[in-house]
Amino acid sequence: MSTATELRLTQQWLALEHEAIWVLALVGARFPALEGAAQDALPAHETTRDRLADAVTDLGGTPVATQPSYDVTDPRDASAARALVRDVEARIAAACVRLVGPTSDRARDRAVRGLRAAALAQVRWGADPEPFPGLD
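These numbers were taken from a predicted model, which means no experiment stands behind them.

Parameters and conventions
- Along each chain, the written sequence defines residue order, and numbers are assigned to residues from 1.
- The predicted nature of this model means local features are confined to residues of pLDDT at least 70 and side-chain atom pairs, given and counted, to a pLDDT of 80 or more, with totals for whole chains, interfaces and linings taken over all residues.
- Just so you know, side-chain values use all the structure's heavy atoms and leave hydrogens and water out.
- A cavity here means a set of points on a 1 Å grid, drawn over the protein atoms and nothing else, where a 1.4 Å probe fits but cannot get out; a pocket is an open set with protein on both sides within 12 Å along at least five of seven lines, and a residue lines either one if it has an atom within 4 Å of a point.
- Grid points are joined across faces, edges and corners, and a volume is the space filled by probe spheres set on the points.
- Here a helix means four or more residues in a row that DSSP labels H or I, a strand means two or more in a row labelled E, and each is numbered from the N terminus.
- The classification used treats Ala, Val, Leu, Ile, Met, Phe, Trp, Tyr, Cys and Pro as nonpolar, Asp, Glu, Lys and Arg as charged, and all other residues, Gly among them, as polar.
- Residues are treated as being in contact if the distance between any of their heavy atoms lies within 4.5 Å.
- Salt bridge, as used here: a side-chain nitrogen of Lys or Arg that lies within 4 Å of a carboxyl oxygen of Asp or Glu.
- Think of it in three bands: with a 1.4 Å probe and only protein chains considered, a residue is buried below 20% of the maximum accessible area for its type, exposed above 50%, and partly exposed in between.
- By nonpolar core we mean a set of buried residues, namely Ala, Val, Leu, Ile, Met, Phe, Trp, Tyr and Cys, connected to one another through side-chain atoms within 4.5 Å.

Participant: Explain the layout of surface pockets residue by residue, including any values.
Facilitator: Once rolled over the atoms, a probe with the size of a water molecule shows which space is left empty. Empty space within the largest pocket amounts to approximately 670 Å³. Sorting the residues of the lining of the largest pocket by element identifies helix H1 (3–30), helix H2 (35–58), helix H3 (78–100) and helix H4 (105–124) as the ones contributing at least two each. Sorting elements by how many residues they give to the lining of the largest pocket places H2 first, with 10 residues. Here the lining of the largest pocket is composed, by residue class, of 13 nonpolar, four polar and 12 charged.

As structure tokens, this is what we get:
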């Protein structure tokens, strides 16, 4: 994988981490029953975001910035809020899968850890376990 491709894919994952942090803050603020789960999930996403920003810089790029808001479906109840979190986790898993194959050992290791974390998060938020998370 070229450095440019690795940079592009890492930026995509970083953008999704920004979105996950935003979604978790939204879910935690709007649904008191989910506040604890959302707060518990935030530190891992913040750590991943920071590490990915460093990786982007190491690859010669400027880390993609967070958006003021994201185009997500407005969750009307806790079930829809859980689905919203599962959706962003599924997209993170897919982003990680794209980095697992032809990449450097360090990036591959980071992507495998990210894939595992996203797959486990999907289950914690109510998804059924998948045999191959991140693949559609």
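Participant: Which residues make up the environment of Pro75, and what values go with them?
Facilitator: Tracing the chain through its elements places Pro75 in the loop between H2 and H3. In contact with Pro75, other than residues within four places in its own chain, are Leu26, Arg30, Phe31, Ala80, Ala81 and Leu84.

Participant: Quick one: what's the story with the environment of Leu120, residue by residue and with numbers?
Facilitator: Checked against the element boundaries, Leu120 lands in helix H4. Considering only alpha carbons, one finds Leu120 and Ala93, 27 residues apart in sequence, at a separation of 10.0 Å.

Participant: Lay out the pattern of salt bridges with the relevant residues and their values.
Facilitator: For the structure on display, the rule yields seven salt bridges. The residue Asp74 makes a salt bridge to Arg76 at a minimum N-O spacing of 3.2 Å. By relative accessible area, Asp74 is classed as partly exposed at 35%. Here Arg76 falls in the exposed class, since its relative accessible area comes to 68%. Asp87 is the salt-bridge partner of Arg91, the closest N and O atoms lying 3.0 Å from each other.

Participant: Residues and numbers for the nonpolar core, please.
Facilitator: For soluble globular proteins, the rule of thumb is that nonpolar side chains tend to be buried together. In terms of nonpolar packing, the biggest core is built from 18 residues, with Trp13, Leu14, Ile92, Cys96, Leu99 and Ala111 touching the most fellow members. Those elements that place two or more of their residues in this core are H1, H2, H3 and H4. For Ala111, the contacting residues outside a window of four places in its chain are Trp13, Cys96, Leu99 and Val100. Ranked by size, the runner-up nonpolar core spans 14 residues in total, among them Leu26, Ala38, Ala41 and Val85.

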